[in-house]
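Now for the letters of each chain:
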Amino acid sequence: MTILTALQKLRDFMSVRSDNPDLLKAQHQAFTRQMPMMYFILLSSTWALAATHIRFAPLWLTVGVPALFTLGCTLRIAFWWRTRGIEPSAGVAHAILRRTNRLAGGIAIAFTIWSFLLVPYGDAYTRSHVAFYMAITVISCIFCLMYVRSAAFMVTVIVNGAFIAFFLASRQPTFVAIAINMLLVCTGMMSILLTNYRNFENMVISQKRTEALSNENLLLANRDSLTELPNRRAFFAHLEAELEKAKANGTRLALGVIDLDGFKPVNDLYGHSVGDRLLINVSKRLSESLKASKAFRLGGDEFAIIAPVIPDDAQLVANANAISERLRAPYHMAEGTVHVSASMGIAVFPHLASTLEELFDRADYALYHAKRTRRGDAVLFDAEHEKQINIEARIVHLLKQTEIEKELSVVFQPVVDIRDGTTACFEALARWSSPVLGQVPPSQFFAIAERAGIVSSLTRPLLKRALASASQWPPSVRLSFNLSAQDLNACEGVLSLIGIIENSGFDARRLDLEITETAFAHDFKQVKQSVEMLRRLGCGISLDDFGTGYSSLTRLHALPLTKIKIDRSFVTDLHEKPASYKIVKSLLALSRDMELECVVEGVETPAELATLESLGATLVQGYIFAPPLKERDVVEFLSVQAATQGSLTQTGQ
């Protein structure tokens, strides 16, 4: 059994291993660089030896045999030269190395026999040249064959075994000494070769492990850990590659950016674990809906689709809406059935988008319009959107100019207490009269300023002007001023607002600061901290457009609110709309239960006002009392109102 085991180990040692494909490829790659050099050394040494024996030995031995060797070696050099830049498969590399292993034995035997045939000819010098030839050649071959261990060992055993045995048998002291010296040298060289081979093998294995680890790290760096979809980093890399391919092939490329509608309330109501599972289910549905396209998770509840093969625009939008429809289907979870929808913005290269940045920005812009006008559906970026972008860019440019403060003004709309007809408050509303654009609606320029991140530069001068004007009012009249979500997103911005309020001389306890539910979509912790700072200053905090957002009821208790404002969308014709009537009634009851003041916005007709009175509303704002008034008209409005109240009082007496 021990003999069989030893024979098996010897057989394994003398053969080319096939169990490690990467090692085979590395051996082949190293081998192809060294084999031509080995054959060159063999040929040059062979012809040198033939030249020293040409006067003593027959021509067939000094010319014929070397010529045959030259032909064979030249063919092998040509083979290795052709394959030097080719990376074969593991199977092909194994076949080549096995053939090399066999040829090594044959070549070693052939050259050894030829060397011994030359020994009888010539004098001691020529015989010494034979010994030198065999010694130096085998050393060179060992180095060149070091990456195929079995071939190097075979050549050493054949050549050196014959060499040592032959010269020891000669009993000539010099040759015996050379033979013993060669035995020791080759033994040492084989030991070094085996060590180097093991190091080479370990290096290949380590490189493979490092490559596997690197690939795993690359995969982790480019894959979203929650949904297993490629992440934002992978998205931009893939988009860049597909865009270059589309440019080269002259084809179209579509990009869709998706945002979930109603995801935040799911997180608020059920918790983040349910929200995470919802995102996983959304990702699965999204992936299953795609064929040639690829899905990505950009972050949060935002996803993207890159479609390199797309139909015409109409079919593209239809396909996108089909995806949105599938994502809109209910999600059944252990905690309950969850409903969300998916708005999508689409942009197409090269139509209206020629670069990666343009393609992404236009898809994002189309998404913005989808969420505003067609929530839950897909919107394709078109020429009208491009026109709007140009207008917005112009507005942003004008808003950033140094003279903008001179172009901004404030108007004031009264909030009336319908119990006694007095004005309880004025809401400050921004106006912009541009020398270039004329009168720009606040709904337009404020939305653009928020998207551009410059709305705070408008808030500060408008607040200063509103406070300066309100300082002239009677102490009983309050000022209401709107803040953007961006005004509350940083502690520095809130401190700047506090500084403006304190330096104005206006009593902060007469100031109501209005925030909208869009602020909740940002960093709620920071928003809450900002609101609490303003509340400690004495300011009232109003929640504007109450009931139109998603998270009012879940966030209402978390903020130190003093007032809510019912959006006009619920008020219009509420006396004719049972649903609106019930909503307003419920909101008024909720405000009373929470001991919050409630302002009803957008009241325009006596019928609406009468209905609100019957529901117990007290604070009303709308055109039924007055449109927004210029600064100089506020005092006159208050005077007229005071005179009217005085007349009514006298009449009542």
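For the structure, check the block above.
Fair warning: this is a prediction, and the values are worked out from it, not measured in the lab.

Caption draft 1: Broad picture of the side chain of Ser-480. Structurally, Ser-480 is set in strand S11 (residues 478-482). Reaching out from Ser-480, the side chain makes a polar contact with the side chain of Glu-514 at a distance of 2.4 Å.

Caption draft 2: Spotlight on empty space enclosed by the protein. Using the criterion set out here, one finds four cavities of 30 Å³ or more in the structure. Here the largest cavity is characterised by a volume of approximately 200 Å³. Contributing to the lining of the largest cavity are 20 residues, with Leu-42, Ile-107, Ala-108, Cys-141 and Val-155 lying nearest its centre. Elements that contribute at least two residues to the lining of the largest cavity include exactly helix H2 (21-53), helix H4 (90-118), helix H5 (124-144) and helix H6 (149-169). It is H4 that provides the largest number of residues to the lining of the largest cavity, a total of eight residues. Taken together, the residues that form the lining of the largest cavity break down as 16 nonpolar, four polar and no charged.

Caption draft 3: Structural context of helix H8 (residues 232-249). Between the first and last C-alpha of H8 there are 25 Å, a value that for 18 residues agrees with the 26 Å anticipated at 1.5 Å per step. Every buried residue of H8 is listed here: Ala-234, Phe-235, Leu-239, Glu-242, Leu-243 and Ala-246. What you see down the axis of H8 is that its buried residues fit within an arc of 160°, all on one side. In H8, those exposed residues whose orientation departs by more than 90 degrees from the buried face are Arg-233 and Ala-248. For H8, the secondary structure elements touched by its buried residues are strand S1 (253-261), strand S2 (294-299), strand S3 (302-307), strand S6 (341-349) and helix H12 (356-373). Residue Asn-231 occupies the N-cap position of H8, its side-chain oxygen lying 3.2 Å from the main-chain nitrogen of Arg-233.

Caption draft 4: The packing of H4 against H5, seen in detail. Put simply, H4 and H5 touch, their axes get as near as 9 Å, and they point 165° apart. Between H4 and H5, the angle falls in the class roughly antiparallel. Between H4 and H5 lies a crossing whose hand is left-handed. Between H4 and H5, the contacting residues are Phe-111, Thr-112, Trp-114, Ser-115, Phe-116 and Leu-118 on the first element and Val-130, Tyr-133 and Met-134 on the second. Residues of the contact of H4 with H5, tallied by class, amount to seven nonpolar, two polar and no charged.

About the cut-offs
Residues numbered from 1 in each chain as written. Predicted model: local features only at pLDDT ≥ 70, side-chain atom pairs only at ≥ 80, totals over all residues. Heavy atoms only, no water. Helix = DSSP H or I, 4+ residues; strand = E, 2+ residues; numbered from the N terminus. Polar contact = N/O pair within 3.5 Å; in protein donor to acceptor, adjacent residues only side chain to side chain. 1 Å grid on protein atoms, 1.4 Å probe; cavity = no way out; pocket = protein on both sides within 12 Å on 5 of 7 lines; lining within 4 Å. Points joined across faces, edges and corners; volume = space filled by probe spheres on them. Nonpolar A, V, L, I, M, F, W, Y, C, P; charged D, E, K, R; others polar. Expected span 1.5 Å × (residues − 1). Buried < 20%, exposed > 50% of the residue type's maximum accessible area, 1.4 Å probe, protein only. Arc of directions from axis to C-beta. Contact = heavy atoms within 4.5 Å. Axes fitted to C-alpha atoms, helices over the stretch in contact; angles between N-to-C directions. Parallel < 35°, antiparallel > 145°, perpendicular 65-115°, else oblique. Left-handed = near helix turned anticlockwise from the far one by under 90°.

Read these as spatial facts, not as claims about activity.
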